Every structure is written in structure tokens, then in C-alpha cells.
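Per-entry structural report
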Amino acid sequence: MLRLVLILACCAGLPVLAQSDMSAEEFDRYTLGKTLFYGQGGQAYGVERYLPDRRVIWSFLDGDCKQGLWYEREDGQICFLYEDRLDPQCWSFSQGTQGLIARFENDPQATELYEAEDIGEEMLCYGPDVGV
């Protein structure tokens, strides 16, 4: 986790030079088989594992992982559906000099995330809460 914080701190001050938005095929080719950590404003935001058949596992780095899937909308945005919510979370992705840049609903004024690094580590997912 310390490594992730250091990487995010280094990336926070870098200028972001993004290319045009990625298509679903480009996004799939870039992400498939990877576990990517995302940051926002120099802070850790979350991690997502990209699996075959456009399946994903997301966590806000708290060990609570959500299964989901992604699809491309007609307008080119990449939308995610997760097991705990049925409303799609749509993003546009582009590739900057430091990795992926994600803009929520393609709105530069809304949430913008950047890829911290594919560190090749497994994300932590704790089991379901059980109790009496």
C-alpha cells in the first residue's frame, strides 16, 4: 500500500496528455488480464481486476469487492454494472502518458481518475460478513 501511495504522489503533479477516447476493443485489449489501481488528486481511489468476457471485480481498497461487467454504449462510453447497484456507471477512457485516464460520464468537471500502475499484485477481497 505504501508503494501505491508513493506512485500516486508522483503522478499527481504530472501533466495529463490524453489521446482520443478508447473504443471498447482498445479498452479490452489494454485492460484484459490486468489489475489496475486508480487514483484521484494524489489519493488512492480504488482497484479493478479485468477478467475475460468483460467481467470485472472492483474495490475501493477496503477489501469489499464487487463483481461486475462492462459494455460499450452507443455514444462510446464504457459502462459498468456491479452486483450491488443496477444503475450503470459510465466512463470515457483515454490513454495518457502515465496510463489510463477515466472521466465519469465523459464530463471533465465530474470525477476524473488516473491509472496509478499495474503493479502485478492481487487485490484484497474479504469474504462475506457472517455473524449471529
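Below is a short write-up of the structure.

What counts and how
Residues numbered from 1 in each chain as written. Predicted model: local features only at pLDDT ≥ 70, side-chain atom pairs only at ≥ 80, totals over all residues. Heavy atoms only, no water. Disulfide = S-S within 2.5 Å. Helix = DSSP H or I, 4+ residues; strand = E, 2+ residues; numbered from the N terminus. Buried < 20%, exposed > 50% of the residue type's maximum accessible area, 1.4 Å probe, protein only. Phe/Tyr/Trp six-rings, centres within 6.5 Å; stacked < 30°, edge-to-face > 60°. Contact = heavy atoms within 4.5 Å. Core = buried A, V, L, I, M, F, W, Y, C linked by side-chain atoms within 4.5 Å. 1 Å grid on protein atoms, 1.4 Å probe; cavity = no way out; pocket = protein on both sides within 12 Å on 5 of 7 lines; lining within 4 Å. Points joined across faces, edges and corners; volume = space filled by probe spheres on them.

1. A few points about the state of the cysteines
- Enumeration over the complete set of coordinates arrives at two disulfides.
- Put simply, Cys-65 and Cys-125 are joined by a disulfide, and their sulfur atoms are 1.9 Å apart. The sign of the -90° torsion about the S-S bond sets the Cys-65-Cys-125 disulfide as left-handed. One end of the pair, Cys-65, is in strand 4 (residues 65–72); the other, Cys-125, is in the segment after strand 8 (112–117), with 60 residues separating them in the sequence.
- The class of Cys-65 is buried, set by a relative accessible area of 15%.
- Residue pairing for Cys-79: its cysteine sulfur links by disulfide to Cys-90, the two sulfurs lying 2.0 Å apart. In this structure, the disulfide formed by Cys-79 and Cys-90 twists by about 110° around the S-S bond and is classed as right-handed. With Cys-79 in strand 5 (residues 78–82) and Cys-90 in strand 6 (residues 85–96), this residue pair connects regions lying 11 residues apart in the sequence.
- The buried category is assigned to Cys-90, whose relative accessible area is 3%.

2. Focus: the packing of aromatic side chains
- The final tally for this structure, using the stated rule, is 10 aromatic pairs.
- Consider the rings of Phe-27 and Phe-80, whose centres lie 6.3 Å apart with planes at 80°: the pair is edge-to-face. Here Phe-80 lies in strand 5 and Phe-27 lies in helix 2 (residues 24–31), a separation of 53 residues in the sequence. The pair Phe-27 / Phe-80 is uniform in exposure class, with both members buried.
- A ring pair is formed by Trp-58 and Phe-60, whose centres lie 5.2 Å apart and whose planes are at 90°; its orientation type is edge-to-face.

3. Brief notes about the environment of Thr-31
- On the secondary structure map, Thr-31 appears in helix 2.
- For Thr-31 and Tyr-50, which are 19 residues apart along the polypeptide, the C-alpha to C-alpha distance reads 5.9 Å.
- In contact with Thr-31, not counting residues within four places along its chain, are Leu-36, Tyr-50 and Leu-100.

4. Some points on the nonpolar core
- Ranked by size, the top nonpolar core spans 19 residues in total, and within it Phe-27, Tyr-38, Phe-80, Phe-93 and Leu-100 carry the most contacts.
- Every element with two or more residues in this core is listed here: helix 2, strand 1 (35–40), strand 3 (55–59), strand 5, strand 6 and strand 7 (99–104).

5. Structural notes on the environment of Tyr-45
- Examined against the element boundaries, Tyr-45 turns out to sit in strand 2 (residues 43–51).
- Beyond its immediate stretch of four places on either side in the chain, Tyr-45 contacts Tyr-38, Gly-39, Gln-40, Trp-58, Phe-60, Leu-61, Thr-111 and Leu-113.

6. Points about the layout of surface pockets
- By volume, the largest pocket amounts to about 410 Å³.
- Tyr-45, Trp-58, Phe-60, Tyr-82 and Gln-89 are the residues nearest the centre of the largest pocket, which is lined by 20 residues in total.
- Among the secondary structure elements, those contributing two or more residues to the lining of the largest pocket are strand 2, strand 5, strand 6 and strand 7.
- Broken down by element, the residue count for the lining of the largest pocket peaks at four residues, all from strand 6.

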